[in-house]
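The lines below spell out each chain.
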Amino acid sequence: MPLPSRVKLVDVGPRDGLQNEKQMVPAAVKIELVQRLQNAGLKEIEVTSFVSPKWVPQMADNAEVMAGIARQPGVRYSVLVPNQQGFEAAQKTQPDEIVVFAAASEAFSQRNINCSIAESIERFRPVVAAARAQNMYVRGAISCAVGCPYEGEIAPERVAQVARLMREIGVQHVGVADTIGVGTPLKVQRALEAALQHYGLDEISGHFHDTYGQALANTLAALQLGVWQFDASVAGLGGCPYAKGATGNVATEDVVYLLHGMGIDTGIDLELLVDAGQFISDYLGRKSNSRAATALWTKRLN
Ligand SMILES: CC(C)(COP(=O)([O-])OP(=O)([O-])OC[C@H]1O[C@@H](n2cnc3c(N)ncnc32)[C@H](O)[C@@H]1OP(=O)([O-])[O-])[C@@H](O)C(=O)NCCC(=O)NCCSC(=O)C[C@@](C)(O)CC(=O)[O-]
């Protein structure tokens, strides 16, 4: 399969990237981060989540952040929604897309959203129907698609099963998520192929964490299957609060560097993206997790 000539990246930094931060990041900083990402050419940004503030306090300012962003035409703004209550709050903020999130692991489903996989699908069913009735696009995330912090390795059949259930309730796109970054290229390809049994190549994305340093290799493996949509997080921010030890998503800057180096178009200005990553890293008081951003920043200083 020839590699795709263009790739769409969704920056999940404001949501996945920041949800696990111990220090509360003010809404104004999140809003500025979204602004910088869209200035850099990101066409889709996962802004926040409408989950319980008791479970994820960092996202408690969801409505404030959604109200504060300066929306640009051509940019899509998505939010995570775990249930009807979350959807009702989210819809008031007019996202373009919602993301419902299930897992290929029962244990992770319980820890993350306090219900079984089957129960989560039943919770999502009315949410998906309501969102689609309002012309919102509905993505689904399949967590632990390769490995789970509680159950270990996950068979591709379990990914296929969740993808099938998501398809049945009307979810339009699935993200195959290596939540704890244990995947290696062939395992990731098997997980993607499992989801591809129920979704087309235009309806699937890769969501890779970089805990074991495999995320770029996994991105290339996904490209080789024809997958052309990926989540990534500026400065490699992030981690899931219910996947202890898992580090952030693959850094958007690293993915852009990889893709541009291979002649694949992203529409993103890497230098402006590096600025966005530097902005949030400075705010958090630590170095960027992006190797490419660090190299480019150092080059600028010399
Ligand atoms: C799903 C629940 C809410 C179930 O949590 P629960 O405790 O079972 O919910 P409940 O329905 O029994 O309600 C309990 C309380 O929560 C409130 N509540 C209930 N729902 C909401 C809501 N939507 N927004 C605000 N409040 C809510 C509800 O009002 C009630 O409040 P109380 O009466 O006690 O004051 C909880 O488990 C939760 O919020 N989990 C979210 C965990 C999370 O955000 N994880 C990180 C995102 S997933 C991720 O990062 C993975 C991903 C997507 O990136 C892909 C990957 O890498 O794997």
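Residues numbered from 1 in each chain as written. Predicted model: local features only at pLDDT ≥ 70, side-chain atom pairs only at ≥ 80, totals over all residues. Heavy atoms only, no water.

Undergrad: Account for the site of the ligand, with residues named and values stated.
TA: In the vicinity of the ligand there are 28 residues, among which R15, N112, N114, S143 and T179 approach most closely. A distance of 3.3 Å separates a nitrogen atom of the ligand from a polar backbone atom of V51. Between the ligand and the protein, one listed contact pairs an oxygen atom with a side-chain N or O atom of Q85 at 2.9 Å. Surface burial for the ligand is 75%, taken as the share of its 1,100 Å² of free accessible area covered by protein chains. Among the cavities detected, the one that contains the ligand is the largest pocket. At the level of secondary structure, the elements contributing two or more residues to the shell around the ligand comprise α1 (13-17), α4 (84-91), α5 (106-113) and β5 (137-143). (Near = heavy atom within 4 Å. Polar contact = N/O pair within 3.5 Å; in protein donor to acceptor, adjacent residues only side chain to side chain. Areas by Shrake-Rupley, 256 points an atom, 1.4 Å probe, with all protein chains shown as cover. 1 Å grid on protein atoms, 1.4 Å probe; cavity = no way out; pocket = protein on both sides within 12 Å on 5 of 7 lines; lining within 4 Å. Sits in = over half its atoms within 2 Å of the grid points. Helix = DSSP H or I, 4+ residues; strand = E, 2+ residues; numbered from the N terminus.)

Undergrad: Break down empty space enclosed by the protein for me, citing the residues and quoting the values.
TA: Inspection of the entire model under this criterion finds 1 cavity of 30 Å³ or more. The computed volume of the largest cavity comes to approximately 40 Å³. Surrounding the largest cavity, F101, A102, A103, F108, S109, N112, I113 and S143 form its lining. Breaking the lining of the largest cavity down by element, the ones donating at least two residues are β4 (97-103) and α5. Broken down by element, the lining of the largest cavity gets its largest block of residues, 4 residues, from α5. The class makeup of the residues in the lining of the largest cavity is 5 nonpolar, 3 polar and no charged. (Points joined across faces, edges and corners; volume = space filled by probe spheres on them. Nonpolar A, V, L, I, M, F, W, Y, C, P; charged D, E, K, R; others polar.)

Undergrad: Quick one: what's the story with the pattern of salt bridges, residue by residue and with numbers?
TA: Under the criterion given, the structure shown has 19 salt bridges. With a shortest N-O distance of 3.3 Å, E46 and R139 are connected by a salt bridge. Taken together, the positions of E46 in strand β2 (residues 44-49) and R139 in strand β5 put the pair 93 residues apart, joining distant regions of the chain. By relative accessible area, R139 is classed as buried at 5%. The network of salt bridges with common partners includes K8, R15, D16, E44, E46, R76, E97, R139 and D231. (Salt bridge = Lys/Arg side-chain N within 4 Å of Asp/Glu carboxyl O. Buried < 20%, exposed > 50% of the residue type's maximum accessible area, 1.4 Å probe, protein only.)

Undergrad: Can you explain the UniProt feature "domain: Pyruvate carboxyltransferase" (unreviewed entry) in the protein? Please cite residues and give values.
TA: Within this structure's numbering, the places UniProt gives as "domain: Pyruvate carboxyltransferase" (unreviewed entry) are residues 7-274. Taken as a whole, residues 7-274 contains 41% helix and 18% strand, while its terminal C-alpha atoms sit 19 Å from one another. (UniProt positions renumbered as here; feature names shortened; annotations may be inferred.)

Undergrad: Quick one: what's the story with the layout of surface pockets, residue by residue and with numbers?
TA: Remark: the empty space left among the atoms is shown by a probe the size of a water molecule rolled over them. Here the largest pocket is characterised by a volume of approximately 690 Å³. Taken together, 40 residues make up the lining of the largest pocket; nearest its centre are V51, L80, P82, F101 and I113. For the lining of the largest pocket, the leading source of residues is β5, giving 4 residues. For the lining of the largest pocket, a count of residues per class yields 17 nonpolar, 17 polar and 6 charged.

Undergrad: Give me the packing of helix α7 (residues 156-168) against helix α8 (residues 185-196): which residues, what numbers.
TA: With their axes 8 Å apart at the nearest point, α7 and α8 run at an angle of 30° to one another. In terms of orientation, α7 and α8 fall into the roughly parallel class. Here α7 and α8 pass one another in a crossing that is right-handed. Contact residues: α7 offers P156, V159, A160 and A163, while α8 offers R190, A191, A194 and A195. Here the contact of α7 with α8 is built from residues that sort into 7 nonpolar, no polar and 1 charged. (Axes fitted to C-alpha atoms, helices over the stretch in contact; angles between N-to-C directions. Parallel < 35°, antiparallel > 145°, perpendicular 65-115°, else oblique. Left-handed = near helix turned anticlockwise from the far one by under 90°. Contact = heavy atoms within 4.5 Å.)

Undergrad: Just give me the short version of the side chain of R15, but keep the residues and values in it.
TA: Position of R15 among the secondary structure elements: in helix α1. The class of R15 is buried, set by a relative accessible area of 7%. Discounting residues that sit within four places of it in the chain, R15 has contacts with E46, V47, T48, S49, M59, L80 and H207.

Undergrad: How would you sum up the sheet that holds strand β3 (residues 76-80)? Please name residues and give values.
TA: Around the barrel, 8 strands lie side by side as β1-β2-β3-β4-β5-β8-β9-β10; this closed barrel has parallel pairing. Averaged over all adjacent pairs, the angle separating strand axes in this sheet is 25°, with direction ignored. The pairing of β5 with strand β8 (residues 173-178) spans 4 bridges and is parallel. Its bridge partner being in β8, A141 is matched across the sheet by G175. Packing of helix α2 (residues 27-39) onto the sheet brings it into contact with β1 (8-11), β2 and β3, and relative to β2 it is tilted by some 165°. Across the sheet, helix α9 (residues 215-225) lies against β8, β9 (204-208) and β10 (229-232), angled at about 165° from β9, the strand it touches most. (Pairing = 2+ DSSP bridges.)

Undergrad: With reference to specific residues and values, describe α8.
TA: Counted at 1.5 Å a residue, the expected span for α8 with its 12 residues is 16 Å, and the 16 Å between its end C-alpha atoms agrees. Residues of α8 that are buried make contact with α7, β8, β9 and α9. (Expected span 1.5 Å × (residues − 1).)

Undergrad: Would you mind going over the pairing of β1 in detail, with residue names and values included?
TA: Side chains on a regular strand alternate between the two faces of the sheet. Bridge count for β1 against β10 is 4 bridges, and the pairing is parallel. Each residue of the ladder has a partner; that of V10, found in β10, is D231. Sheet topology note: the β1/β2 ladder contains 2 bridges and is parallel. Note that in β2 the partner of V10 across the bridge is E44.

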